[in-house]
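# An overview of the molecular structure
Below are the chains, spelled out letter by letter.
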Amino acid sequence: MAYQQKLAEKLLVLNDRGQGVLIRMNHIKKTCTDPKRRPSFLADKSMEGVVKYINRKFPNIDLRGSSQQLSNIQKQKSAVLEGLSSYYESFIDVMEFRDHVYDLLNTIDACQCFFNITVNFDFTKNYLDLIITYASVILMLSRIDDKKVLVGMYNCAYELSNGSSDPSYPRLGQMILEYEHPLKKLTEEFGPHTKVNLTEALLSLHSVYPRRNLPAEQWRNAQLLSLLSVPATMLNPAMCDTMACEYLSMEVMERWIILGFLLCHTSLNINAASQDLWKMALRSGLYVTLIRDEVINIHKLSEEHLDGLKGYSKRLADIKECKEHTIVNCGATHREKRHFLRHALKELIKVLEDEPALLGPKVLFVFMALSFSRDEVLWLVRHAENIPKTKTPEDFADVHMAELLFYMERLQALLGRYNYVIQRYHLQYLSQFDALILNDTIQSIYVCPEEESVLMTSFVSALSALTLKQCGKEFDFKAVRMDWLRLQAYTSVGKATLPLKEYPDLAKIMNMTQFHTKMMDNVDELLNETADLSSLCFYTRVFEKMFSQSSEEVSMQRYLMAFPMVCTHFSQNTHQMCPEEVSNEQCFHLKCLFSSLYSILQLLPKHSAETISAARNKKMKKPPPKKDAPKNKPGAESQRKDRAVVTNMDKMHLTLTELCTSYSMCSEFTVFKHIFVPSEFLLTQLETGLSKIFIRMAHYNQTTQEIARPSELLAGIQTYVTSLYTLTRYINVDITRLVKNVLLQQTQPLDSHGAPTITTLYTNWYLESLLRQASSAFIAHCPTMHCFVNHNVENEQNFKADEYSDICEMRALAELIGPYGLKFLGENLMWHITSQVSELKCFLLQKKSSCENVLKRMTIIGVILSFRTMAQGALEEVMHRHCPFLMGSIECLKDYVCTDTDIKVALSVYELASATGLPCDIDPALVSAISNMHNSSNEDEYKTTCLLLVYIAVSLPTLSVDPNSFYSRERGGHQNNIHCLAAAVNHLSAAMFTVQNKNIEQHLKEFLQVASSILLQLGQNMDKTEVKNRDSVCLLLDMIVDESPFLSQDMLEDCFPYVLLRNAYREVHRAFIYTMG
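Residues numbered from 1 in each chain as written. Predicted model: local features only at pLDDT ≥ 70, side-chain atom pairs only at ≥ 80, totals over all residues. Heavy atoms only, no water.

### Comments concerning the overall build of the protein chain
What counts, and what does not: For the purposes of this entry, the term helix denotes a DSSP run of H or I that reaches at least four residues, the term strand denotes a run of E that reaches at least two, and both are numbered from the N terminus. Should any heavy atoms of two residues lie within 4.5 Å, those residues are counted as being in contact. In these tables, accessible area is a Shrake-Rupley quantity obtained with a 1.4 Å probe, and a residue counts as shielded only by the protein chains included in the view. For the purpose of counting charges, residues Lys and Arg are taken to be positive, whereas Asp and Glu are taken to be negative. His and the chain ends are not included. For the purpose of locating charges, the reference atoms are NZ of Lys, CZ of Arg, CG of Asp and CD of Glu.
If you tally the helices and strands in the protein chain, you get 46 helices and 8 strands. Projected onto its principal axes, the C-alpha coordinates of the protein chain cover approximately 140 × 85 × 70 Å. Taking as baseline every contact in the protein chain between residues at least 6 positions apart, the subset at least 24 positions apart corresponds to 79%. Carbon and sulfur atoms make up 52% of the accessible area of the protein chain, which totals about 50,600 Å². Placing the 110 positive and 122 negative side-chain charges of the protein chain at their respective mean positions leaves the two points 6 Å apart.

In structure tokens:
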């Protein structure tokens, strides 16, 4: 009969099904209580009357007599059916699950099965799990406040659509009504035989639960989990008669005991052993988990259930006494347990890391340690969310939780790393010990039915066939373990020919063998069973609080990475029967993971500035020292007079070391199929932070237009990067890659996050501050010193131009923003130049331009081009220093270009050369800018260009009237920057004639002739006021020729006598001597 009933298979299937149904009930409760996820029909104001009516009339809802109340359902019946179908079907699942459970329990009662956790462990465990899971489903169902509305509204919509109610509705409605008081109804439904079986199974825990529920002091005296307590037995395999019971969850056993004895409460009055077990469970805590973050207040539930029954006054007194004992003592008891486990796990890890081969014989100790630790962590989480009124609330908080979680993760990592050691050891154990002793045990059985004989023979055959040659291959012993569960079911029925309870040795050997087979192919599943912390994902507030408390303890900061690693457990909480919550939970838990990782970064010393600043300000509030007090000499802060005195720097250094150690804890971990590499996450966050730090170091103030000198910023960045390299002493991160990425982003207008960069800041500053004032002649270009200098005027600028534009600053700028940044700067300079050219063209075409206006705008263009030339020269030097061989090749290519070279080829080469800072005869950036602004025909543009050059030439004499046109020998230029006209004329004409495909040299020569003729006429003017700075203006011709690659001194000599230039130089130098004298 037992063979046909398939008890083992049904237990497994129903337990999995029950877990899925329970999760669905939990999901429905959460959805209905969350205003954002609640079904719209329940939140709609127009449906309030419908909701009240259904709640009042449920389950007998008369559609004909209440058409007015249910009219809103009639209007949107299709939407109601679609929106509530999943809820309705979930309640149907509960009803079907109940039917299957009672069917199986009746079959087990009829078979008169025997249950003992120490003998038929798997059979008994699955039996207890089924009963408690079923009770949990009913309790969870009773906590859904909107269940009547969901079921009733769906059925109304169904009947309105189909003309009749759903076939399952009558039974479903009746079931919902019956379980208004779930425990009372469950107790009535459980038959006497079921209660006997349940009591028998629970009483078998008497040999397991009491010795597992010992205080920390007894654990310490027994040296629990210590491999060093008896060195002589270190290599002996860890084994006992009840191996699976040694790592069985304490919370699971407590849930069995509490809910189990409430279902068969008569045992509490007639059996002293039941009372002892029940009281012990009641004293262990205040709450047990129903599912996820849904908990049961065990004392309140027990008191409410027994209060309505006769003859249980003593039990009610027991509940009250146990509750008081729990509130007073359990917090401290579990605190001591966690303290013991931290030290025990630390010792276990040290020994196993030093001698990983001990994982073979002592692997049971690892799973015991993980199970004990998991129980204590989850106990604290449950009670921290619901702290009772006690005098010692600190017992329900643990600042050292990070350390315990860290050790748990380390133990799991050890099992994964040395899995081959465990597998090799147990392969030999199974084939050379278990198979032999199992065979001897089978031979000693006198009567063995055929079915049982076949199963046991298959066990021996499967184990005996194992050889060392198979080590390293994938094994699958699921069939063996399933057959052992079947054998337990066959031999546990009342009339079994081979009763298992009469052969305890067989049970002991097979339970031990089953554990050994799990070490071959099922270590991961056993880890999920003993170290699963996935419930933490539903206690977000407690999880964050524990993280915060641990982060405040400096000694715990090295273990903080344990919190993000715990997130790897979260995916184990999903179930295929509730796919709706997977995506929501995944997003939420990934956010929780990032929050933990980012919070660790917030603890880095650079974030301690505010705290240190506050502490410093406190000190500054003290009265100032007396005048005669001796002042500390420089460097005194580096002298340590007493090692006991800890400075802020010491604290920051310790914090940095601890946090880096935390990030070095693991190389990677996976959460919901997302692989996280802590070191890469650290680099990503450092990259973001480093960009912001570099921007802050620039001290750019848009209001006052203040900014740090490029050399100061470069020195600060170099210092910061040097200190950043010290991170590599504590953590294996690629700082070079980090710095390169950040600095490369700073050469672009925007970084990867869309924030402005150093390139943008300095481009804006040089354009808006330096060049704008230079264009207004408040700042002069100084060719002799290769910089810009301030004029000594009353309205002095808020910065010194030479401190931002000399050779050193330009080199520093080139180092900071590189070729890409200078290209961006050049593009902005070209935009300003084209703006001036557009204005000049408008003036010329409208014939409204004055000589002063043309020269002023040309001077502005010249100032901009002079600044660009300085920046390009600095870039050339930087490039020569960093990549001399590349620069050599580009210079050779540039020298290859001659006047006969095709202009497109020449411009391509010039573009390459200009990008590295090399000077070019024709500026490719200016050519590109000019070509992009063409709005008329090429011939018209050519005429405008020629007219512009004529305007410039004939306007030169007007400069002599301006007193600021005086040439300064010291600066090598004019006060009003008219010497920059040379750069403007040469670069602009070259670019414009290149675009128009005209001969540059010919037109510049013509310009030189016209300008010479005009200036020669100026010499005939005898009015001293008009020719005051004539000599200074004449020098412009020499400057134009000197800077032009297309003109020569011979050409100038043909149209302007050299003697006049020589006299001009002599006069300006003589004036300089008089001035200096």
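### Regarding the packing of helix 16 (residues 272–282) against helix 18 (residues 313–354)
What counts, and what does not: The convention used is that axes are lines fitted to C-alpha atoms, helices contributing only their stretch in contact, and that angles between N-to-C directions extend from 0 to 180 degrees. A crossing counts as left-handed when the near helix is turned anticlockwise from the far one by less than a right angle, and as right-handed when that turn is clockwise. Gly counts as polar in this scheme, as do all residues outside two lists: the nonpolar Ala, Val, Leu, Ile, Met, Phe, Trp, Tyr, Cys and Pro, and the charged Asp, Glu, Lys and Arg.
Interhelical geometry of helix 16 versus helix 18 gives an angle of 35° and a closest axis separation of 9 Å. You can see that helix 16 and helix 18 cross each other, and the crossing is right-handed. From helix 16, Gln275, Trp278, Lys279 and Leu282 reach across to helix 18, where they touch Arg315, Asp318, Ile319, Cys322 and Thr326. Its residues assigned to classes, the contact of helix 16 with helix 18 shows 4 nonpolar, 2 polar and 3 charged.

### Some points on the side chain of threonine 441
How we decide: For the purposes of these results, a polar contact is taken to be a pair of N or O atoms within 3.5 Å, where, inside protein, one atom must be able to donate a hydrogen and its partner to accept one; residues adjacent in sequence count only when each atom of the pair is a side-chain atom.
Inspection of the secondary structure assignment puts threonine 441 in helix 21 (residues 419–443). At 2.8 Å, the side chain of threonine 441 forms a polar contact with the backbone oxygen of isoleucine 437.

### Side note on the environment of alanine 1064
Counted only if it meets this: A simple rule labels every residue: compare its accessible area, found with a 1.4 Å probe on the protein chains alone, to the largest value its type can have, and call it buried under 20%, exposed over 50%, or partly exposed in between.
Examined against the element boundaries, alanine 1064 turns out to sit in helix 46 (residues 1058–1076). A relative accessible area of 0% means that alanine 1064 is categorised as buried. Once the C-alpha coordinates of alanine 1064 and proline 182 are considered, the two residues, 882 residues apart in sequence, prove to be 113 Å apart. Those residues in contact with alanine 1064, other than ones at most four positions away along the chain, are Asp1031, Cys1034 and Leu1035.

### A short note on the packing of aromatic side chains
The condition that has to hold: For Phe, Tyr and Trp, where Trp contributes only its six-membered ring, two rings pair if their centres lie within 6.5 Å, and the inter-plane angle classes them as stacked under 30 degrees, edge-to-face over 60, or tilted in between.
Evaluation of the coordinates by the stated rule reveals 33 aromatic pairs. Measuring from centroid to centroid gives 6.2 Å for phenylalanine 97 and tyrosine 134, while their planes differ by 55°, and the two rings are tilted. Here the residue phenylalanine 97 occupies a position in helix 6 (residues 77–111), and tyrosine 134 occupies one in helix 7 (residues 121–142), the gap between them amounting to 37 residues. For tyrosine 134, a relative accessible area of 1% corresponds to the buried category. Relative to tyrosine 804, the ring of tryptophan 765 has its centre 4.6 Å away and its plane inclined at 35°; by these criteria the two rings are tilted. Of the two residues, tryptophan 765 is situated in helix 34 (residues 758–775) and tyrosine 804 in helix 35 (residues 802–805); the sequence distance between them amounts to 39 residues. Look at tryptophan 765 and you get buried, because its relative accessible area is 0%. Overall, the relative accessible area of 10% leaves tyrosine 804 in the buried class. Aromatic rings pair up to connect Tyr762, Trp765, Tyr766, Phe788, Phe799, Tyr804 and Phe867 into one cluster.

### Topic: the environment of lysine 57
Looking at the element boundaries, lysine 57 is found in helix 4 (residues 48–57). Expressed as a C-alpha distance, the spacing of lysine 57 and glycine 152, which sit 95 residues apart in the sequence, is 9.3 Å.

### Remarks on the side chain of threonine 289
In this fold, threonine 289 is placed in strand 1 (residues 287–291). We classify threonine 289 as buried; its relative accessible area is 11%. Among the polar contacts listed, one links the side chain of threonine 289 to the side chain of glutamate 251, at a separation of 2.4 Å. Aside from chain neighbours lying at most four places away, what touches threonine 289 is Glu251, Arg255, Glu294, Val295 and Arg382.

### Focus: the pairing of strand 5 (residues 779–782)
This is how the line gets drawn: Whether two strands pair depends on DSSP finding at least two bridges between them.
The side-chain alternation of strand 5 yields two buried faces, one formed by Ile779 and His781 and the other by Ala780 and Cys782. Alignment of strand 5 against strand 6 (residues 787–790), held across 4 bridges, turns out to be antiparallel. Bridge assignment links isoleucine 779 to a residue of strand 6, and that residue is asparagine 790. Connecting the antiparallel pair strand 5 and strand 6 is a turn made up of 4 residues, with histidine 786 showing a positive phi of about 55°.

### So, the pattern of salt bridges
To keep things clear, this is the line we draw: Here, a salt bridge means any side-chain nitrogen of Lys or Arg that lies within 4 Å of a carboxyl oxygen of Asp or Glu.
Counted by the stated rule, this structure contains 37 salt bridges. Across the salt bridge formed by glutamate 353 and arginine 410, the nearest N and O atoms sit 2.2 Å from each other. In this pair, glutamate 353 is assigned in helix 18 and arginine 410 in helix 20 (residues 401–417), connecting sequence segments 57 residues apart. Using a relative accessible area of 29% as the deciding quantity, one classes glutamate 353 as partly exposed. When salt bridges with common partners are traced through the structure, they connect Arg98, Asp99, Arg171 and Glu178 into a single cluster.

### Some words on helix 8 (residues 147–162)
Stated formally: Here, expected helix span is obtained from the residue count minus one, scaled by 1.5 Å.
An ideal rise of 1.5 Å per residue puts 22 Å on 16 residues; helix 8 measures up with 22 Å between its terminal C-alpha atoms. Every buried residue belonging to helix 8 is among Lys147, Lys148, Val149, Leu150, Val151, Gly152, Met153, Tyr154, Asn155, Cys156 and Ala157, and all of these are buried. Just past helix 8, the residue glycine 163 takes up positive phi, approximately 85°.

### What about a nonpolar patch on the surface?
Our working definition: The patches reported here contain residues having more than 30% relative accessible area and no salt bridge. Joining distances are 9 Å for like charges and 5 Å for nonpolar side chains (Val, Leu, Ile, Met, Phe, Trp, Tyr).
Together, Met239, Phe433 and Ile437 make up an exposed nonpolar region whose accessible area comes to about 230 Å². Mapped onto the elements of the fold, isoleucine 437 is located in helix 21. Isoleucine 437 gets classed as partly exposed once you look at its relative accessible area, which sits at 30%.

### What to know about helix 34
Structurally, the α-helix is built with 3.6 residues per turn, so residues lying three or four positions apart point the same way. Condition: One axis fitted to the seven residues ending at a residue, another fitted to the seven starting there: the angle between these axes is the bend at that residue.
Taking 1.5 Å as the rise per residue, helix 34 with 18 residues should run 26 Å; its terminal C-alpha atoms sit 24 Å apart, in good agreement. Along its length, helix 34 shows its largest kink, about 35°, at tyrosine 766. The buried fraction of helix 34 amounts to 14 of the 18 residues, a majority that puts the element mostly inside the structure. Positive phi shows up at alanine 777, right after helix 34, with a value of about 70°.

### As for the environment of glutamate 553
Relative to the elements of secondary structure, glutamate 553 occurs in the loop between helix 26 (540–552) and helix 27 (562–566). When its relative accessible area of 31% is taken as the criterion, glutamate 553 is described as partly exposed. Counting along the chain gives 153 residues from glutamate 553 to histidine 400, while the straight-line C-alpha distance between them is 8.0 Å.

### Let's talk about unusual backbone geometry
Of the consecutive residues phenylalanine 58 and proline 59, the connecting peptide bond is found in the cis state with omega at 0°. Within the fold, proline 59 resides in the loop between helix 4 and helix 5 (71–75). The backbone phi angle of histidine 699 is positive, close to 55°, even though this residue is not glycine. By secondary structure assignment, the location of histidine 699 is in the loop between helix 31 (678–697) and helix 32 (710–724). Since its relative accessible area comes to 56%, histidine 699 is described here as exposed.

### Let's talk about the nonpolar core
Looking at soluble globular proteins, one finds that nonpolar side chains tend to be buried together. As a reminder, the rule being used: Put simply, a nonpolar core is a bunch of buried Ala, Val, Leu, Ile, Met, Phe, Trp, Tyr and Cys residues held in one set by side-chain atoms that sit within 4.5 Å of each other.
If you look at the biggest cluster of nonpolar residues, it comprises 327 residues, and the most contacted ones within it are Met153, Leu186, Trp256, Phe367, Leu411, Phe788 and Met858. For this core, the leading source of residues is helix 6, giving 16 residues. For methionine 858, the contacting residues outside a window of four places in its chain are Leu840, Ile952, Leu981, Ala984, Val985 and Leu988. Grouped together as the second largest cluster of nonpolar side chains are 27 residues, Leu438, Ile442, Ile445 and Leu455 included.

### Regarding the confidence of the model for the protein chain
This is how it is decided: Note: pLDDT gives the predictor's confidence per residue, expressed from 0 to 100.
Within the protein chain, residue pLDDT values average 87, and 91% of them lie at 70 or more. Across residues 606–616, confidence stays below pLDDT 50; counting only partners more than four residues off in sequence or on other chains, it has 6 contacts. Within the model, the stretch residues 618–622 combines pLDDT values under 50 with 0 contacts to residues more than four positions away or in other chains.

### Details of the state of the cysteines
We count it as follows: Counting rule for disulfides: a pair of cysteine sulfur atoms within 2.5 Å.
Enumeration over the complete set of coordinates arrives at 0 disulfides. Unpaired in terms of disulfides, cysteine 156 finds its nearest cysteine sulfur in cysteine 32, a separation of 17 Å. The structure places no disulfide on cysteine 782, whose sulfur is separated from the nearest cysteine sulfur, that of cysteine 787, by 5.0 Å.

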